[in-house]
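Survey of secondary and tertiary structure
Here is what each chain is made of, one letter per residue.
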Amino acid sequence: MKFFIAVGAILAFLSVAFGAFGAHALKERLGEHYLSIYQTGVQYQMFHSVGLILIGLLALTAFQGSVGLLHWAGWLMIAGIVFFSGSLYALSISRIDFLGIITPFGGVAFLLSWILVAAAVIKG
């Protein structure tokens, strides 16, 4: 479960880097509408990067009996970041609005991951 802590930290780092890139390099290129979409991707990536770190810490500490649930939660959270934030980055940079059809799959992965975290805590 140290894996989820490390991946969470790397994705949090990337979230800060993407946020700075968006604020400085993309601000003039994207326009207000697409910059807002991009920033939503950054925001959700950061929230769920911290979630991954939480999952790793829970698995390493008091919730040993719920490692399986936490394992699935971590992978779903990673998938959520890729599909939700990744699709928003791609949509905003390419301006291909059809890419937005991918975003809800990431949102569902986020929801399921948080349900599994709650189930792990209740079980543990």
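In this text the structure is predicted, and so the values were computed from the model without any measurement. (Residues numbered from 1 in each chain as written. Predicted model: local features only at pLDDT ≥ 70, side-chain atom pairs only at ≥ 80, totals over all residues. Heavy atoms only, no water.)

1. Considering the packing of helix 1 (residues 2–60) against helix 3 (residues 103–123)
- The N-to-C vectors of helix 1 and helix 3 enclose an angle of 25°; their axes lie 12 Å apart at closest approach. Judged by the inter-axis angle, helix 1 sits roughly parallel to helix 3. Like other packed secondary-structure pairs, helix 1 and helix 3 cross with a definite hand, here left-handed. The segment helix 1 lies against helix 3, with Tyr44, His48, Gly51, Leu54, Ile55 and Leu58 engaging Phe110, Trp114, Val117 and Val121.
- Tallied by class, residues from the contact of helix 1 with helix 3 come to eight nonpolar, two polar and no charged. (Axes fitted to C-alpha atoms, helices over the stretch in contact; angles between N-to-C directions. Helix = DSSP H or I, 4+ residues; strand = E, 2+ residues; numbered from the N terminus. Parallel < 35°, antiparallel > 145°, perpendicular 65-115°, else oblique. Left-handed = near helix turned anticlockwise from the far one by under 90°. Contact = heavy atoms within 4.5 Å. Nonpolar A, V, L, I, M, F, W, Y, C, P; charged D, E, K, R; others polar.)

2. Describing the environment of Ile102
- Inspection of the secondary structure assignment puts Ile102 in the loop between helix 2 (67–94) and helix 3.
- Note: C-alpha distance between Ile102 and Ala6 (96 residues apart in sequence) is 26 Å.
- Not counting chain neighbours up to four residues away, the residues in contact with Ile102 comprise Phe83 and Ser87.

3. Some points on the packing of aromatic side chains
- Summed over all chains, the structure comprises nine aromatic pairs.
- On the numbers, 5.2 Å between centres and 75° between planes, the contact of Phe18 with Tyr89 is edge-to-face. Highlighted residues: Phe18 in helix 1 and Tyr89 in helix 2, separated in sequence by 71 residues.
- Judged by relative accessible area, which is 10%, Tyr89 ranks as buried.
- Their ring planes at 25° and their centres at 6.4 Å tell us that Tyr44 and Phe110 sit as a pair that is stacked. Taken together, the residues span a long stretch of sequence, with Tyr44 in helix 1 and Phe110 in helix 3 at a distance of 66 residues.
- What makes Tyr44 partly exposed here is its relative accessible area of 31%.
- Classification of Phe110 as buried rests on a relative accessible area of 4%.
- By way of ring pairs, the aromatic residues Tyr44, Phe47, Phe84 and Phe110 are connected into one cluster. (Phe/Tyr/Trp six-rings, centres within 6.5 Å; stacked < 30°, edge-to-face > 60°. Buried < 20%, exposed > 50% of the residue type's maximum accessible area, 1.4 Å probe, protein only.)

4. Remarks on the nonpolar core
- Leu30, Tyr38, Leu52, Ile55 and Leu70 are the most contacted members of the largest nonpolar core, which totals 27 residues.
- Counting residues per element, the ones that place at least two in this core are helix 1, helix 2 and helix 3.
- At 14 residues, helix 1 tops the list of elements feeding residues into this core.
- When residues no more than four places from it in sequence are discounted, the contact partners of Ile55 are Phe4, Leu70, Ala73, Gly74, Met77 and Val117. (Core = buried A, V, L, I, M, F, W, Y, C linked by side-chain atoms within 4.5 Å.)

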